[in-house]
Amino acid sequence: MWLLVPLAFAGKVLSTCRKQLSSLWGSLVPLLLWLRATLWLPGPDGAQMLTERREAEGTRNKEEGSEDEALIPTSVNYHFTRQCNYKCGFCFHTAKTSFVLPLEEAKKGLLMLKEAGMEKINFSGGEPFIHQRGDYLGKLVKFCKEDLALPSVSIVSNGSLIREQWFKSYGEYLDILAISCDSFDEQVNVLIGRGQGKINHVENLQKLRKWCRDYKVAFKINSVINRFNVEQDMKEHIKALNPVRWKVFQCLLIEGENSGKDALREAERFIISDEEFEGFLERHKEVSCLVPESNQKMKDSYLILDEYMRFLNCTNGRKEPSKSILDVGVEAAIKFSGFDEKMFLKRGGKYMWSKADLRLDW
């Protein structure tokens, strides 16, 4: 009996303590939850900060890794000869050598470029039809389309040396022929230096347009806007010729080519301001095929391969050659190209460049 008294007393004490402990626990729970949220599990703000930090780290790692990523030569401009039959006063790839690679060496280099990711090759000069009367060029065009199966093979020419027989032999392998024409006033062409003997540049352009249509080659026009044509209106002429693209360049100075003591040309008198170039573009804005290229867009957005198959770096305002891809490979040489891939894409460097995809109404 005497044991019941202490047990009853103990029960009352425990009951009282339980209520107090329960009350205390109820007070501590919010505090514990807050501490847990703050110290262990990130809430909405913490989660957002954690996500942003992880994204920033990922971006940084990607950027650091991109420095080691090799450039892909998607579109290459191969100036296999510097020789030309015209004397354009603003030319920025002048006849400093007469060297042309043996055909098989050139094919070897083109195969290397294809294996490195090249999709488009553009043959230029100088005047590309001057060597072996265009037969050397034709063999390269056929090799690139038939053997390398490149999606796009194109040529830039002044057009004066092209004969219909060339189209008969090689036209099926060519996607685009770009003809340089800076004016539809023949006197202005002569003044610029884009003329030879009795050949009328504008009349020849009309003939070439017809051949391109007859032999199913996409036709393109390149114009360099300079002091002698900047005020002209070419809208109706361009519309009549109906090229797939009308590339309009702002006249550019390149030290050692058309400017400076080592240059073969003096192009300073041809230079126009950015405002004058914009004025020309504004005048021709209704021409749907117009593709403008200012000095800023041009300078570093082309992969230029010279007659020795060296990439030419123009970032310092002059053409500084890499080692030849034939000696060191494409990946090693292209690192010194100065190529700005972002500007290449921004200026529309990648477009529908295969005549099969263009689906033209010949």
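Cut-offs applied
- Per-chain numbering applies: the sequence of each chain, read as written, is numbered from 1 onward.
- Per-residue local features are limited, in this predicted model, to residues with pLDDT of at least 70; the limit for side-chain atom pairs, both in listing and counting, is 80 or more; totals at the level of whole chains, interfaces and linings are taken over all residues.
- To get the side-chain values, take all heavy atoms of the structure and skip hydrogens and water.
- Whether a set of points on the 1 Å grid over the protein atoms alone is a cavity depends on a 1.4 Å probe fitting there but being unable to get out, while an open set qualifies as a pocket with protein on both sides within 12 Å along at least five of seven lines; lining residues are those with an atom within 4 Å of a point.
- Grid points are joined across faces, edges and corners, and a volume is the space filled by probe spheres set on the points.
- By the criteria applied, helices consist of DSSP H or I runs no shorter than four residues and strands consist of E runs no shorter than two, each listed in order from the N terminus.
- Throughout, the ten residues Ala, Val, Leu, Ile, Met, Phe, Trp, Tyr, Cys and Pro are labelled nonpolar, Asp, Glu, Lys and Arg are labelled charged, and all others, Gly among them, are labelled polar.
- Within this document, salt bridges are pairs made up of a side-chain nitrogen of Lys or Arg and a carboxyl oxygen of Asp or Glu, the two lying within 4 Å of each other.
- Here's how the labels work: a residue is buried when its accessible area is under 20% of the maximum for its type, exposed when over 50%, partly exposed in between, all with a 1.4 Å probe on protein chains only.
- Joining through side-chain atoms within 4.5 Å is the link that ties buried Ala, Val, Leu, Ile, Met, Phe, Trp, Tyr and Cys residues into a set, and such a set is a nonpolar core.
- Contacts are assigned to residue pairs that have any heavy atoms within 4.5 Å of one another.

(A) The arrangement of the layout of surface pockets in detail. Considered as a void within the structure, the largest pocket measures approximately 960 Å³ in volume. The wall of the largest pocket is formed by 49 residues, among which His 79, Phe 92, Ser 124, Gly 125 and Val 156 lie closest to the centre. Within the residue set of the lining of the largest pocket, elements represented by two or more residues are strand E1 (75–79), strand E2 (120–124), strand E3 (152–157), strand E5 (218–225) and strand E6 (245–250). Top contributing element to the lining of the largest pocket by residue count: E5, with 4 residues. Within the lining of the largest pocket, the residues separate by chemical class into 19 nonpolar, 17 polar and 13 charged.

(B) Local environment of the pattern of salt bridges. On inspection of all chains with the given rule, the structure shows 17 salt bridges. A salt bridge links Arg 194 to Asp 182, with the nearest nitrogen and oxygen atoms 2.6 Å apart. Taken together, the residues span a long stretch of sequence, with Arg 194 in the loop between helix H6 (186–192) and helix H7 (201–214) and Asp 182 in the loop between strand E4 (176–180) and H6 at a distance of 12 residues. Taken individually, Arg 194 and Asp 182 each receive the classification buried, so the pair is uniform in this respect. Lys 247 serves as the salt-bridge partner of Glu 293, at 3.1 Å between the closest nitrogen and oxygen. Separated by 46 residues along the polypeptide, Glu 293 in strand E7 (residues 290–293) and Lys 247 in strand E6 bring together distant segments of the chain. For Lys 247, a relative accessible area of 5% puts it in the buried group. It is possible to trace a salt-bridge network through shared partners that takes in Arg 82, Glu 257 and Glu 307.

(C) Inspection of the nonpolar core at higher detail. Residues Tyr 78, Leu 110, Ile 121, Phe 123 and Trp 246 are the most contacted members of the largest nonpolar core, which totals 65 residues. Among the elements that line this core, the one with the most residues is helix H4 (residues 135–147), at 6 residues. Other than its neighbours up to four places away in sequence, Phe 123 contacts Tyr 78, Phe 80, Leu 110, Pro 128, Leu 137, Leu 140, Val 141, Cys 144, Val 153, Ser 154, Ile 155 and Val 156. The next biggest cluster of nonpolar side chains, apart from the first, holds 9 residues, and it includes Cys 88, Ile 192, Ala 267 and Phe 270.

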